[in-house]
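Residue strings, one per chain:
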Protein chains: 2
Amino acid sequence: MSISSRFAVGVHILTLIEFNKEGVSSSEYIAASVNTNPALIRKIVGMLKKAKLVEVHPGIAGAKLAKNLSEITLLDVYKAVDVVQDNELFNIHENSNPQCLVGRNIQDAIAPILATAQLALEKVLSGVTIEDIVQDIINKEEQNRER
Amino acid sequence: MSISSRFAVGVHILTLIEFNKEGVSSSEYIAASVNTNPALIRKIVGMLKKAKLVEVHPGIAGAKLAKNLSEITLLDVYKAVDVVQDNELFNIHENSNPQCLVGRNIQDAIAPILATAQLALEKVLSGVTIEDIVQDIINKEEQNRER
DNA sequence: TATGGTTGTAATTAAAATGGTTACAGGTAA
DNA sequence: TTACCTGTAACCATTTTAATTACAACCATA
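Along every chain, residues carry numbers that run from 1 in the direction the sequence is written. As a convention, the first chain written is A and the first ligand written is 1, with the rest following in written order. A pLDDT threshold of at least 70 governs which residues receive local features in this predicted model, and a stricter bar of 80 or more applies before side-chain atom pairs are shown or counted, although totals over entire chains, interfaces and linings include all residues. Heavy atoms throughout the structure, all of them, feed into the side-chain values; hydrogens and water do not.

Student: Got a minute to help me understand the nonpolar core in this structure?
Tutor: A general trend in soluble globular proteins is that nonpolar side chains are found buried together. What is meant by a nonpolar core is a set of buried Ala, Val, Leu, Ile, Met, Phe, Trp, Tyr and Cys residues, joined one to another through side-chain atoms within 4.5 Å. Burial classification: accessible surface area is computed with a 1.4 Å probe over protein chains only, and a residue below 20% of its type maximum counts as buried, one above 50% as exposed, and the rest as partly exposed. Judged by nonpolar contacts, the single largest core of 90 residues is most densely connected at Phe7 and Leu125 of chain A together with Phe7 and Leu125 of chain B. Any two residues whose heavy atoms approach within 4.5 Å at even a single point are treated as in contact. For Leu125 of chain A, the residues in contact, after removing those within four places along its chain, are Phe7, Thr73, Leu74, Leu75 and Tyr78 of chain A together with Phe90, Ile113, Leu114 and Ala117 of chain B.

Student: So what exactly am I meant to see when it comes to the interface of chain B and chain A here?
Tutor: Note on interface size: it is often stated as the accessible area lost on association of the parts. Taken together, the 54 residues of chain B in the interface contact 54 residues of chain A. Surface buried jointly by chain B and chain A totals about 4,700 Å² across both partners, of which 72% is contributed by carbon and sulfur atoms. For the purposes of these results, a polar contact is taken to be a pair of N or O atoms within 3.5 Å, where, inside protein, one atom must be able to donate a hydrogen and its partner to accept one; residues adjacent in sequence count only when each atom of the pair is a side-chain atom. Inspection of the chain B/chain A interface yields 10 residue pairs in polar contact (both at pLDDT 80 or more). For the purposes of this entry, the term helix denotes a DSSP run of H or I that reaches at least four residues, the term strand denotes a run of E that reaches at least two, and both are numbered from the N terminus. Counting only elements with at least two residues in the side of chain B that touches chain A, the list comes to helix H1 (6–19), helix H2 (27–34), helix H4 (74–80), helix H5 (101–126) and helix H6 (130–146) of chain B. Among the elements that line the side of chain B that touches chain A, the one with the most residues is H5 of chain B, at 17 residues. Buried area: the sum, over both parts, of the accessible surface (1.4 Å probe) that disappears when the two are put together.

Student: Any chance you could explain the relation of the copies chain B and chain A here in plain terms?
Tutor: The operation linking the two copies of the chain is a rotation about an axis combined with a translation along the axis. What sets the superposition is a least-squares fit of C-alpha atoms, and only residues with pLDDT of at least 70 in both copies go into it. Structural alignment of chain B on chain A gives an RMSD of 0.0 Å, achieved by rotating through 180° and translating 0.0 Å along the axis. Those values place the two copies in the arrangement expected of a two-fold rotation axis. When the interface residues of chain B are mapped onto chain A, 100% of them again fall at the interface, so both copies present the same face.

Student: I'm lost on the environment of Ile113 of chain A in this one. Help?
Tutor: Here Ile113 of chain A shows up in helix H5 (residues 101–126). Relative accessible area serves as the criterion here: at 13%, Ile113 of chain A is assigned to the buried category. Here the alpha-carbon distance between Ile113 of chain A and Val34 of chain A, two residues 79 residues apart in the chain, equals 36 Å. In this structure, Ile113 of chain A is in contact with Leu74, Val124, Leu125, Val128 and Ile133 of chain B, ignoring residues within four places of it in sequence.

As C-alpha coordinates, then:
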(Lines give C-alpha, C1' and ligand atoms only; values in the text may rest on other atoms or scores of the structure.)
Protein backbone atom coordinates (compact mmCIF):
# COMPACT_ATOMS: atom_id res chain seq x y z
CA MET A 1 0.00 0.00 0.00
CA SER A 2 1.12 3.48 -0.59
CA ILE A 3 -0.09 6.93 -1.46
CA SER A 4 -0.58 7.53 -5.15
CA SER A 5 2.31 8.95 -7.07
CA ARG A 6 -0.10 11.59 -8.33
CA PHE A 7 0.91 13.58 -5.29
CA ALA A 8 4.60 13.54 -6.14
CA VAL A 9 3.82 14.22 -9.78
CA GLY A 10 1.62 17.14 -8.79
CA VAL A 11 4.47 18.73 -6.86
CA HIS A 12 6.76 18.03 -9.78
CA ILE A 13 4.40 19.80 -12.18
CA LEU A 14 4.03 22.93 -10.07
CA THR A 15 7.74 23.16 -9.51
CA LEU A 16 8.45 22.72 -13.18
CA ILE A 17 5.98 25.44 -14.15
CA GLU A 18 7.83 27.81 -11.86
CA PHE A 19 11.26 27.03 -13.28
CA ASN A 20 9.82 27.41 -16.76
CA LYS A 21 7.78 30.50 -16.00
CA GLU A 22 9.22 32.44 -18.93
CA GLY A 23 8.32 29.61 -21.31
CA VAL A 24 5.25 27.60 -22.21
CA SER A 25 4.52 24.59 -20.01
CA SER A 26 2.39 22.46 -22.28
CA SER A 27 1.31 19.00 -21.24
CA GLU A 28 3.86 17.60 -23.64
CA TYR A 29 6.64 19.71 -22.16
CA ILE A 30 5.73 18.63 -18.64
CA ALA A 31 5.36 15.00 -19.65
CA ALA A 32 8.91 15.04 -20.96
CA SER A 33 10.23 16.05 -17.55
CA VAL A 34 8.07 13.67 -15.57
CA ASN A 35 8.72 11.03 -18.19
CA THR A 36 5.18 9.92 -18.78
CA ASN A 37 2.20 10.45 -21.05
CA PRO A 38 0.83 13.93 -21.86
CA ALA A 39 -2.72 12.72 -21.28
CA LEU A 40 -1.81 11.70 -17.77
CA ILE A 41 -0.32 15.13 -17.15
CA ARG A 42 -3.46 16.80 -18.43
CA LYS A 43 -5.46 14.70 -16.04
CA ILE A 44 -3.42 15.81 -13.05
CA VAL A 45 -3.18 19.41 -14.24
CA GLY A 46 -6.95 19.34 -14.47
CA MET A 47 -7.10 18.43 -10.80
CA LEU A 48 -4.70 21.21 -9.90
CA LYS A 49 -6.85 23.57 -11.92
CA LYS A 50 -9.99 22.53 -10.11
CA ALA A 51 -8.18 23.31 -6.86
CA LYS A 52 -7.24 26.69 -8.29
CA LEU A 53 -3.53 26.07 -8.06
CA VAL A 54 -2.91 26.56 -11.77
CA GLU A 55 -4.47 28.40 -14.66
CA VAL A 56 -4.92 26.60 -17.90
CA HIS A 57 -7.30 27.08 -20.81
CA PRO A 58 -8.68 24.80 -23.51
CA GLY A 59 -6.91 25.25 -26.79
CA ILE A 60 -4.24 27.54 -25.35
CA ALA A 61 -0.89 25.92 -24.71
CA GLY A 62 0.70 26.14 -21.29
CA ALA A 63 -0.20 26.15 -17.62
CA LYS A 64 0.62 28.96 -15.19
CA LEU A 65 0.62 29.05 -11.43
CA ALA A 66 -2.56 30.62 -10.11
CA LYS A 67 -1.07 31.63 -6.79
CA ASN A 68 2.14 32.87 -5.39
CA LEU A 69 4.77 30.19 -4.90
CA SER A 70 4.82 30.68 -1.18
CA GLU A 71 1.07 30.29 -0.94
CA ILE A 72 0.92 26.79 -2.33
CA THR A 73 1.55 24.16 0.31
CA LEU A 74 2.15 20.48 -0.26
CA LEU A 75 -1.09 19.86 1.57
CA ASP A 76 -2.89 21.86 -1.09
CA VAL A 77 -1.42 19.56 -3.71
CA TYR A 78 -2.14 16.49 -1.64
CA LYS A 79 -5.78 17.42 -1.41
CA ALA A 80 -6.00 18.65 -4.98
CA VAL A 81 -5.01 15.31 -6.48
CA ASP A 82 -7.13 13.57 -3.85
CA VAL A 83 -4.98 10.62 -3.21
CA VAL A 84 -6.91 10.20 -0.01
CA GLN A 85 -10.44 11.18 0.82
CA ASP A 86 -10.99 12.68 4.24
CA ASN A 87 -10.32 10.33 7.12
CA GLU A 88 -9.79 7.37 4.90
CA LEU A 89 -6.07 6.97 4.78
CA PHE A 90 -6.54 3.88 6.87
CA ASN A 91 -8.69 1.00 5.84
CA ILE A 92 -10.94 -0.16 8.63
CA HIS A 93 -12.22 -3.68 8.44
CA GLU A 94 -15.91 -3.09 8.01
CA ASN A 95 -17.75 -6.25 8.85
CA SER A 96 -16.95 -7.00 12.46
CA ASN A 97 -19.44 -9.14 14.31
CA PRO A 98 -21.89 -6.87 16.17
CA GLN A 99 -22.73 -9.66 18.60
CA CYS A 100 -19.20 -9.51 19.96
CA LEU A 101 -18.25 -6.86 22.51
CA VAL A 102 -15.05 -6.12 20.69
CA GLY A 103 -16.53 -6.49 17.23
CA ARG A 104 -19.22 -3.90 17.75
CA ASN A 105 -16.94 -1.30 19.33
CA ILE A 106 -13.53 -1.67 17.78
CA GLN A 107 -14.26 0.51 14.81
CA ASP A 108 -15.37 3.51 16.84
CA ALA A 109 -12.46 2.99 19.19
CA ILE A 110 -9.83 3.09 16.48
CA ALA A 111 -11.31 5.64 14.09
CA PRO A 112 -10.47 8.84 16.03
CA ILE A 113 -6.89 7.69 16.55
CA LEU A 114 -6.44 7.08 12.87
CA ALA A 115 -7.96 10.46 12.08
CA THR A 116 -5.49 12.09 14.45
CA ALA A 117 -2.61 10.26 12.83
CA GLN A 118 -3.72 11.36 9.42
CA LEU A 119 -4.02 14.95 10.59
CA ALA A 120 -0.49 14.83 11.95
CA LEU A 121 0.73 13.74 8.56
CA GLU A 122 -1.19 16.47 6.82
CA LYS A 123 0.09 19.10 9.19
CA VAL A 124 3.64 18.36 8.10
CA LEU A 125 2.62 18.76 4.48
CA SER A 126 0.95 22.07 5.26
CA GLY A 127 4.26 23.41 6.56
CA VAL A 128 6.08 23.09 3.25
CA THR A 129 5.44 25.24 0.19
CA ILE A 130 6.39 24.90 -3.43
CA GLU A 131 8.74 27.78 -2.82
CA ASP A 132 10.65 25.60 -0.37
CA ILE A 133 10.93 22.89 -2.98
CA VAL A 134 12.13 25.33 -5.62
CA GLN A 135 14.76 26.75 -3.29
CA ASP A 136 15.89 23.29 -2.30
CA ILE A 137 16.41 22.33 -5.91
CA ILE A 138 18.40 25.50 -6.56
CA ASN A 139 20.61 24.67 -3.60
CA LYS A 140 21.14 21.11 -4.72
CA GLU A 141 22.21 22.24 -8.17
CA GLU A 142 24.69 24.70 -6.72
CA GLN A 143 26.19 22.02 -4.55
CA ASN A 144 26.63 19.81 -7.56
CA ARG A 145 28.32 22.57 -9.51
CA GLU A 146 30.81 23.15 -6.74
CA ARG A 147 32.04 19.58 -6.89
CA MET B 1 -5.19 4.17 -1.84
CA SER B 2 -5.28 3.31 1.78
CA ILE B 3 -3.45 1.48 4.48
CA SER B 4 -4.23 -2.20 4.65
CA SER B 5 -7.02 -3.31 6.90
CA ARG B 6 -4.54 -5.79 8.36
CA PHE B 7 -3.61 -3.02 10.75
CA ALA B 8 -7.14 -2.57 12.05
CA VAL B 9 -7.60 -6.32 12.18
CA GLY B 10 -4.37 -6.70 14.12
CA VAL B 11 -5.58 -4.27 16.75
CA HIS B 12 -8.90 -6.09 16.83
CA ILE B 13 -7.19 -9.41 17.43
CA LEU B 14 -5.03 -8.20 20.30
CA THR B 15 -7.98 -6.48 21.94
CA LEU B 16 -10.11 -9.56 21.60
CA ILE B 17 -7.45 -11.79 23.13
CA GLU B 18 -7.39 -9.51 26.13
CA PHE B 19 -11.15 -9.55 26.64
CA ASN B 20 -11.09 -13.32 26.27
CA LYS B 21 -8.01 -13.86 28.38
CA GLU B 22 -9.71 -16.49 30.55
CA GLY B 23 -10.76 -18.43 27.46
CA VAL B 24 -9.13 -19.89 24.39
CA SER B 25 -8.66 -17.55 21.48
CA SER B 26 -8.39 -19.95 18.58
CA SER B 27 -8.22 -18.68 15.03
CA GLU B 28 -11.79 -19.78 14.57
CA TYR B 29 -12.94 -17.88 17.64
CA ILE B 30 -11.18 -14.73 16.50
CA ALA B 31 -12.45 -15.10 12.95
CA ALA B 32 -16.01 -15.14 14.25
CA SER B 33 -15.52 -11.73 15.87
CA VAL B 34 -13.69 -10.19 12.95
CA ASN B 35 -16.12 -11.87 10.61
CA THR B 36 -13.63 -13.37 8.23
CA ASN B 37 -11.76 -16.55 7.45
CA PRO B 38 -9.73 -18.41 10.13
CA ALA B 39 -6.84 -18.82 7.72
CA LEU B 40 -6.61 -15.07 7.31
CA ILE B 41 -6.55 -14.68 11.07
CA ARG B 42 -3.77 -17.24 11.36
CA LYS B 43 -1.79 -15.29 8.81
CA ILE B 44 -2.07 -12.05 10.75
CA VAL B 45 -1.55 -13.77 14.09
CA GLY B 46 1.60 -15.21 12.58
CA MET B 47 2.84 -11.70 11.89
CA LEU B 48 2.01 -10.60 15.43
CA LYS B 49 3.88 -13.63 16.67
CA LYS B 50 6.96 -12.79 14.64
CA ALA B 51 6.88 -9.34 16.21
CA LYS B 52 6.63 -11.01 19.63
CA LEU B 53 3.30 -9.44 20.46
CA VAL B 54 1.52 -12.76 20.92
CA GLU B 55 2.39 -16.30 21.88
CA VAL B 56 0.95 -19.10 19.86
CA HIS B 57 2.07 -22.66 19.23
CA PRO B 58 1.46 -25.16 16.43
CA GLY B 59 -1.19 -27.68 17.30
CA ILE B 60 -2.16 -25.94 20.53
CA ALA B 61 -5.34 -23.92 20.37
CA GLY B 62 -5.34 -20.28 21.38
CA ALA B 63 -3.19 -17.18 21.26
CA LYS B 64 -2.04 -15.20 24.28
CA LEU B 65 -0.57 -11.75 24.57
CA ALA B 66 3.19 -11.88 24.90
CA LYS B 67 3.46 -8.51 26.59
CA ASN B 68 1.62 -6.40 29.04
CA LEU B 69 -1.34 -4.57 27.58
CA SER B 70 0.19 -1.20 28.27
CA GLU B 71 3.39 -2.15 26.52
CA ILE B 72 1.85 -2.80 23.13
CA THR B 73 1.42 0.37 21.08
CA LEU B 74 -0.51 0.73 17.87
CA LEU B 75 2.79 1.48 16.20
CA ASP B 76 4.00 -1.98 17.22
CA VAL B 77 0.98 -3.47 15.50
CA TYR B 78 1.37 -1.20 12.50
CA LYS B 79 4.92 -2.38 12.01
CA ALA B 80 4.17 -5.99 12.85
CA VAL B 81 1.65 -6.41 10.05
CA ASP B 82 3.92 -4.35 7.80
CA VAL B 83 1.33 -2.44 5.93
CA VAL B 84 4.10 -0.05 5.03
CA GLN B 85 7.79 -0.60 4.69
CA ASP B 86 10.05 2.10 6.07
CA ASN B 87 9.75 5.44 4.29
CA GLU B 88 7.49 4.10 1.63
CA LEU B 89 4.09 5.31 2.65
CA PHE B 90 4.26 7.69 -0.26
CA ASN B 91 4.80 6.59 -3.80
CA ILE B 92 7.40 8.67 -5.55
CA HIS B 93 7.25 8.71 -9.31
CA GLU B 94 10.50 7.00 -10.16
CA ASN B 95 11.37 7.78 -13.74
CA SER B 96 11.79 11.53 -13.91
CA ASN B 97 13.91 12.84 -16.73
CA PRO B 98 17.50 13.31 -15.46
CA GLN B 99 18.20 15.82 -18.22
CA CYS B 100 15.71 18.20 -16.68
CA LEU B 101 16.71 20.38 -13.74
CA VAL B 102 13.51 19.60 -11.92
CA GLY B 103 13.38 15.98 -13.01
CA ARG B 104 16.75 15.09 -11.60
CA ASN B 105 16.23 16.82 -8.25
CA ILE B 106 12.57 16.57 -7.39
CA GLN B 107 12.81 13.14 -5.83
CA ASP B 108 15.54 14.09 -3.37
CA ALA B 109 13.72 17.32 -2.61
CA ILE B 110 10.47 15.66 -1.69
CA ALA B 111 11.67 12.48 -0.03
CA PRO B 112 12.74 13.94 3.35
CA ILE B 113 9.46 15.80 3.68
CA LEU B 114 7.47 12.67 3.06
CA ALA B 115 9.60 10.80 5.55
CA THR B 116 8.90 13.48 8.15
CA ALA B 117 5.19 13.29 7.45
CA GLN B 118 5.23 9.55 7.82
CA LEU B 119 7.11 9.83 11.11
CA ALA B 120 4.50 12.27 12.42
CA LEU B 121 1.81 9.75 11.65
CA GLU B 122 3.73 6.97 13.34
CA LYS B 123 4.37 9.07 16.41
CA VAL B 124 0.65 9.37 16.99
CA LEU B 125 0.30 5.62 16.76
CA SER B 126 3.12 5.14 19.24
CA GLY B 127 1.20 7.15 21.80
CA VAL B 128 -1.73 4.78 21.98
CA THR B 129 -1.64 1.34 23.55
CA ILE B 130 -3.94 -1.65 23.38
CA GLU B 131 -4.79 -0.86 26.98
CA ASP B 132 -6.24 2.46 25.82
CA ILE B 133 -8.36 0.66 23.27
CA VAL B 134 -9.59 -1.84 25.82
CA GLN B 135 -10.51 0.89 28.26
CA ASP B 136 -12.25 2.84 25.55
CA ILE B 137 -14.40 -0.13 24.64
CA ILE B 138 -15.33 -0.68 28.28
CA ASN B 139 -16.39 2.94 28.51
CA LYS B 140 -18.42 2.75 25.34
CA GLU B 141 -20.31 -0.29 26.60
CA GLU B 142 -21.09 1.41 29.87
CA GLN B 143 -22.45 4.42 28.07
CA ASN B 144 -24.67 2.21 25.99
CA ARG B 145 -25.99 0.46 29.07
CA GLU B 146 -26.91 3.74 30.71
CA ARG B 147 -29.15 4.70 27.82
C1' DT C 1 -1.04 -45.25 18.94
C1' DA C 2 -5.11 -43.76 16.57
C1' DT C 3 -8.24 -39.59 16.68
C1' DG C 4 -9.98 -34.99 16.55
C1' DG C 5 -8.82 -30.58 16.52
C1' DT C 6 -5.34 -26.93 15.89
C1' DT C 7 -1.57 -24.00 13.77
C1' DG C 8 1.27 -22.81 9.72
C1' DT C 9 1.56 -21.97 4.95
C1' DA C 10 1.49 -22.50 0.00
C1' DA C 11 -1.41 -21.93 -3.92
C1' DT C 12 -5.31 -20.03 -6.03
C1' DT C 13 -9.08 -16.93 -7.04
C1' DA C 14 -11.85 -12.69 -7.42
C1' DA C 15 -12.13 -8.03 -7.03
C1' DA C 16 -10.24 -3.55 -6.83
C1' DA C 17 -6.86 -0.06 -7.60
C1' DT C 18 -3.38 1.96 -10.29
C1' DG C 19 -0.78 3.83 -13.94
C1' DG C 20 -0.64 4.13 -18.48
C1' DT C 21 -2.51 4.59 -23.23
C1' DT C 22 -5.47 5.63 -27.17
C1' DA C 23 -8.82 8.29 -29.34
C1' DC C 24 -11.31 12.10 -30.18
C1' DA C 25 -14.34 16.19 -29.30
C1' DG C 26 -13.91 20.97 -28.66
C1' DG C 27 -11.23 25.13 -28.35
C1' DT C 28 -7.61 28.77 -30.03
C1' DA C 29 -4.79 31.37 -32.96
C1' DA C 30 -2.51 32.38 -37.10
C1' DT D 1 -8.57 26.39 -43.23
C1' DT D 2 -4.80 24.54 -40.69
C1' DA D 3 -2.02 23.13 -36.98
C1' DC D 4 -1.83 22.57 -32.38
C1' DC D 5 -3.61 22.46 -27.86
C1' DT D 6 -6.67 21.04 -23.68
C1' DG D 7 -10.25 18.07 -21.71
C1' DT D 8 -12.07 13.52 -21.15
C1' DA D 9 -14.01 9.19 -21.87
C1' DA D 10 -12.90 4.57 -22.63
C1' DC D 11 -9.92 1.01 -22.34
C1' DC D 12 -5.96 -2.07 -21.05
C1' DA D 13 -2.27 -4.29 -18.37
C1' DT D 14 -0.32 -4.82 -14.09
C1' DT D 15 -0.25 -5.05 -9.35
C1' DT D 16 -2.28 -5.38 -4.96
C1' DT D 17 -5.53 -7.01 -1.79
C1' DA D 18 -8.53 -9.86 0.75
C1' DA D 19 -10.45 -14.06 0.77
C1' DT D 20 -10.44 -18.91 0.19
C1' DT D 21 -9.02 -23.75 -0.34
C1' DA D 22 -6.22 -27.37 0.80
C1' DC D 23 -3.08 -29.76 3.30
C1' DA D 24 1.17 -30.77 6.01
C1' DA D 25 2.85 -30.64 10.65
C1' DC D 26 1.74 -30.64 15.36
C1' DC D 27 -0.39 -31.64 19.98
C1' DA D 28 -3.31 -33.66 23.71
C1' DT D 29 -5.86 -37.33 25.03
C1' DA D 30 -8.55 -41.41 25.18
